[in-house]
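Examination of the molecular architecture
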Amino acid sequence: MILQATLVTTLLLHATAPADPGAPTARARLASLLAAQRDAIRAGEPALAAADEPAAADPSISAVYPSRAFLERTLDVTISGDDTEWTDAVAVDFGDGIRVDSVRVASPTGLVARITIDEDAALGARDVTVREGEVEAVYAGAFTLQAPLAFKVLNGTRAAGSILNGKLVQHDMSTPFDPVDNTLYVDEGFTVDYFYAQQYGAEFSLLVDVDVAPGTYDLHVVSGAAGSQVRSTGPDILPIAARTPLPLKEGDNVGTLAEPYGSVLYTFTPPAEPTRLTLTVTASVQAATPILAVLPASGHFADLLGADARVVVDTDAAEPIYVIYWDAAGAEKHDYTINLVAAPPPPPETEPNDECSAANRVGSSSSTLGSLRDVKDVDWFVFTVDQADVGKSVHVITQPGDPATDTVVEVFAADCTTSLGGPSPDYAYHEDFTSSPVTAAGDVYVKVSHSPEASEATDYELVIALE
């Protein structure tokens, strides 16, 4: 018992003994240990580098406006940049075919470039490049070139020796067609027969010579009055194929037109002697308007010999002619027949025949080649009406000859003074006149003279028939 009391007393004495004023507290001891640990870690690691400065951004192009343009135009293009410091030393490049006329620095991050685009510049997207000293910024595919002209409709056989028609579209809304002054150009070997433009659309007819080389051709429209004209191009939009003419033979030639407004090319070589070729065409469908366009050996529409359902050609040389079948109405696929007759030409008139008494005698159904030598020349012809033909009318036609020969005709009874309903009304260069009925058998006279409005053309053909 005494022992237990002694132990308890000893323990209490130890627990309540005052701390050594010079000994560290537990918290201080812990802090000291942590500090020592940190020192050890630092000693085993490399020193931390100072933080890097943010890298400067590369200059770049952020926008190009407008982002597209058309061939043969001059315009201002605004270029915006990021992190740029552009000055007057800057240079701008849009690629081949685009000339940079001037560059204005609106700000260190903004430029205005005036550019002119060539007619033959390559279409499509292209890069815009801005350079200043060694610094270059490129905006890939930022600018697109387009063609202002395109076909909306193109009818016809796209081959040599053909007739085409269709519609063009103006895609450049900033340059509508002039309401009055517009001209369509293609290339040598093409003849523009018709062209009418209005704002953003145009209609045309185009004649293609036989010897036009195969390939693709540009179309150009020049619009506006002199001094303010705008030229628009459709590059490589007209494909023309080569084709070999089919041979024509005397008699009937049957063919098939496969496409609306299409054409078929033929050729025929007459003998080397005076010959009249009469070509007539008929179609198998009423919806068609069959036309034969006949060209001489040149194959050029500028030398066109005739264009109709019936064409007559006089020739004296063994040189080929070209015949194009074309349906002006655009009927669907159909058959057609071209009839070719080769015969001696009509006889020429015999001079002098300036008076009724010297009239050339011809048949009541006849053709005669005549010529009015000058504005005062008069040609007289006479034929006999049989008793069986009394009551019929005299049908008188003048035709080329020369397309510009301007004639007037009149029919007289046997006394050369009693008119049978003439003179002809002179509505056109050539006459198509029908007299009043013939009242008695015997001679009837036809007088041919120049119109008061006549040109210098002289040659004509006189056709007479009793009907």
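Read on for a plain summary of the structure. (Residues numbered from 1 in each chain as written. Predicted model: local features only at pLDDT ≥ 70, side-chain atom pairs only at ≥ 80, totals over all residues. Heavy atoms only, no water.)

This part is about the sheet that holds strand β4 (residues 91-93). Spatial strand order, β2-β8-β7-β4: 4 strands in an open sheet with mixed pairing. The sheet is open, and its two borders are formed by β2 (68-70) and β4, each paired with just one other strand. Averaged over all pairs of adjacent strands, the angle between their axes in this sheet comes to 30°, without regard to strand direction. One ladder, built from 3 bridges, connects β4 with strand β7 (residues 124-132); its direction is antiparallel. Looking across to β7, one finds that D93 is bridged to T129. (Pairing = 2+ DSSP bridges. Helix = DSSP H or I, 4+ residues; strand = E, 2+ residues; numbered from the N terminus. Axes fitted to C-alpha atoms, helices over the stretch in contact; angles between N-to-C directions.)

Tallied over the full model, the rule gives 14 salt bridges. In this structure, the salt-bridge partner of D101 is R99, at a minimum N-O distance of 2.7 Å. Taking the relative accessible area as the measure of exposure, R99 reaches 47% and is therefore partly exposed. A salt bridge links R276 to E461, with the nearest nitrogen and oxygen atoms 2.5 Å apart. Here the residue R276 occupies a position in strand β19 (residues 275-283), and E461 occupies one in strand β32 (residues 459-466), the gap between them amounting to 185 residues. A residue is classified by how much of its surface remains accessible, and E461, at 1% relative accessible area, is buried. Salt bridges sharing partners connect three or more residues here, namely E351, D354, R373 and D377. (Salt bridge = Lys/Arg side-chain N within 4 Å of Asp/Glu carboxyl O. Buried < 20%, exposed > 50% of the residue type's maximum accessible area, 1.4 Å probe, protein only.)

As for its position among the elements, S366 is in strand β26 (residues 366-371). A distance of 2.9 Å separates a polar atom in the side chain of S366 from the backbone oxygen of G363. Excluding anything up to four places from it in sequence, S366 contacts L462, V463 and I464. (Polar contact = N/O pair within 3.5 Å; in protein donor to acceptor, adjacent residues only side chain to side chain. Contact = heavy atoms within 4.5 Å.)

Take unusual backbone geometry next. Between Y65 and the following residue, P66, the backbone shows a cis peptide bond with an omega angle of -5°. By the secondary structure assignment, P66 is in the loop between β1 (60-65) and β2. Of the consecutive residues P400 and G401, the connecting peptide bond is found in the cis state with omega at 10°. Residue position: G401 is located in the loop between β28 (394-399) and β29 (407-412).

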